[in-house]
Amino acid sequence: MKVFTKIKDIQEFLSEQKRNGKTIGFVPTMGYLHEGHLSLVKKATAENDLTVMSIFVNPIQFGPNEDFERYPRDFDRDRKLAEDNGVDVLFHPSVEEMYPEESIVQMNVKKRKDVLCGRTRKGHFDGVVTVLTKLFHITMPDRAYFGLKDAQQFAIVQGFVADLNFPIDIIGVETVREEDGLAKSSRNTYLSAQERKEAPEIYQALLKGKKAVENGVDDPAEIVRLVSDHIRQNTGGEIDYVEVLSFPELDPLERIKGKVIIATAVQFASARLIDNVILDLSR
Ligand code: PAF
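What counts as what
- Residues numbered from 1 in each chain as written.
- Predicted model: local features only at pLDDT ≥ 70, side-chain atom pairs only at ≥ 80, totals over all residues.
- Heavy atoms only, no water.
- UniProt positions renumbered as here; feature names shortened; annotations may be inferred.
- Helix = DSSP H or I, 4+ residues; strand = E, 2+ residues; numbered from the N terminus.
- Contact = heavy atoms within 4.5 Å.
- Polar contact = N/O pair within 3.5 Å; in protein donor to acceptor, adjacent residues only side chain to side chain.
- Buried < 20%, exposed > 50% of the residue type's maximum accessible area, 1.4 Å probe, protein only.

**Side note on the UniProt feature "binding site: (R)-pantoate" (unreviewed entry) in the protein chain**
Then comes step 1: The UniProt feature table records "binding site: (R)-pantoate" (unreviewed entry) at Gln61 and Gln153. Over a stretch of 93 residues, the named residues converge on one spot in the fold, their C-alpha atoms separated by at most 11.6 Å.
Then comes step 2: With respect to the helices and strands, Gln61 occurs in the loop between β3 (50-55) and α3 (75-84).
Then comes step 3: In this structure, Gln61 is in contact with Met30, Glu66, Arg121, His124, Gly127, Val128 and Val131, ignoring residues within four places of it in sequence.
Then comes step 4: A distance of 2.9 Å separates a polar atom in the side chain of Gln61 from a polar atom in the side chain of Asn58.
Then comes step 5: Relative to the assigned elements, Gln153 resides in helix α6 (residues 151-163).
Then comes step 6: Apart from residues no more than four positions distant in its own chain, Gln153 is found in contact with Phe125, Val128 and Phe146.

**Some details on unusual backbone geometry**
Negative phi characterises most residues that are not glycine, and trans characterises most peptide bonds.
Then comes step 1: Look at the link from Phe247 to Pro248: it is a cis peptide, with omega at 10°.
Then comes step 2: Within the secondary structure, Pro248 sits in the loop between β7 (238-246) and β8 (259-267).
Then comes step 3: A positive phi angle is found at Met140, which is not glycine, with a value near 50°.
Then comes step 4: Relative to the helices and strands, Met140 is located in the loop between α5 (124-139) and β5 (143-147).
Then comes step 5: Overall, the relative accessible area of 24% leaves Met140 in the partly exposed class.
Then comes step 6: Notably, Asn165 is not glycine yet its phi reads approximately 55°, a positive angle.

This is the structure:
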């Protein structure tokens, strides 16, 4: 596995690979890799000649009161995991390399952002699309892989790549879960023992909502009530949101139909967890 920290060096290397006809699958991450990331790598290695991963904790997508400083980092462990799982090229730039001076342009997401996590994480998705634009130019991928746990991120990335005509296929990959159903996340390491015990109830609540929809309940408010009640009754976490929206447009619905997402964020004392289920009623 080749490791690069400088933009110029990785661009030179990957340009040469592209000239030789190699396809590139890109897995952008903020590190502290878990099985969720490795499932993206698995798909990327199956579908491309070269798998490129970035590990960069992107400061501009964190709000002033969020966990940028505290975000877990362990590059030596990540490097080994990446290599053992078939990553060919690892890009691990410093903040100074990515943002050497204040940018002269600013990217603003206009749609799909004032719901779910975007409602409280002001500017978060502007930071995400900015860093992805840079990373896409740096790594020149044919395909880029994103976990569907961050469904709003996936919906926004798909939309902005189509808007700006990046010649990249954006591939969504199913959420990887612990045996008890908890969605894998780097932030799970923050949970206390009691919170970790309660956290799988978030997925149980979403499954309850999904089942009700499949059984014909088409009132979004009723599903929100069902899911919220389950979370309140079975966890000490505070609900940030439970929403039922069209997917990937993320528009509110009067009646549940077509492709929809039921999504939630729950704030525990030590971590904020998100999860969702996506259903396609048109099939
Ligand atoms: O999902 C993440 O880890 C980040 O938002 C991403 C896509 C790597 C951009 O910093």
